[in-house]
Amino acid sequence: NIWERAVGNVKSEYFTTSMLELRSDGGKARSYDFSYAHLKSFVILTCVGGSMSVVYGNENVMEVKQGDVVLLPADLESVSFELAPYSECRFLETHI
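Worth saying up front: this structure is predicted, and the values here are computed from it rather than measured.

1. Here we look at the pattern of salt bridges
- Considering all chains together, one arrives at five salt bridges under this definition.
- A salt bridge links Arg23 to Glu21, with the nearest nitrogen and oxygen atoms 3.2 Å apart.
- On the basis of relative accessibility, which here comes to 10%, the residue Glu21 falls in the buried class.
- For Glu88, the salt bridge identified is with Arg90, shortest N-O distance 2.9 Å.
- By relative accessible area, which is 27% here, Arg90 ends up partly exposed.
- When salt bridges with common partners are traced through the structure, they connect Glu21, Arg23, Glu88 and Arg90 into a single cluster.

Given below as structure tokens:
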């Protein structure tokens, strides 16, 4: 499983929301590569704790911290979540 830990999941006929936690390996940075293409849906990421970098497209980087909301378009082929050493990030992932 690519996720460090999926804390919870809420499903309805309209959307699915999961709480996800990612962690770096102590003193080493860590990158999680993922594709949402199979969902055929936009994805909303809501950071509820910590921070990470979201890398997409041609090396576009977005710094995300607690309170930030990111909308990933449905046609985005792949995305990487990068964590600095000794860091973690908790976020809600929502899609239809």
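2. Here's the deal with unusual backbone geometry
- The backbone phi angle of Lys40 is positive, close to 55 degrees, even though this residue is not glycine.
- For Lys40, a relative accessible area of 71% puts it in the exposed group.
- Phi is positive for Tyr86, close to 60 degrees, though the residue is something other than glycine.
- Relative to the helices and strands, Tyr86 resides in the loop between strand S7 (79-83) and strand S8 (88-95).
- A residue is classified by how much of its surface remains accessible, and Tyr86, at 69% relative accessible area, is exposed.

Rules behind the numbers
- Starting afresh in each chain, residues are numbered from 1 along the sequence in its written order.
- In keeping with the predicted nature of the model, local features appear solely for residues at pLDDT of at least 70, side-chain atom pairs appear and are counted solely at 80 or more, and the whole-chain, interface and lining totals rest on all residues.
- Based on all heavy atoms of the structure, the side-chain values leave hydrogens and waters out of the count.
- The working definition used for a salt bridge is a side-chain nitrogen of Lys or Arg within 4 Å of a carboxyl oxygen of Asp or Glu.
- Throughout, exposure labels follow a simple rule: accessible area from a 1.4 Å probe, protein chains only, divided by the maximum for the residue type, with under 20% read as buried, over 50% as exposed, and the rest as partly exposed.
- Only runs of H or I of at least four residues qualify as helices and only runs of E of at least two qualify as strands under DSSP, and these elements are numbered from the N terminus.

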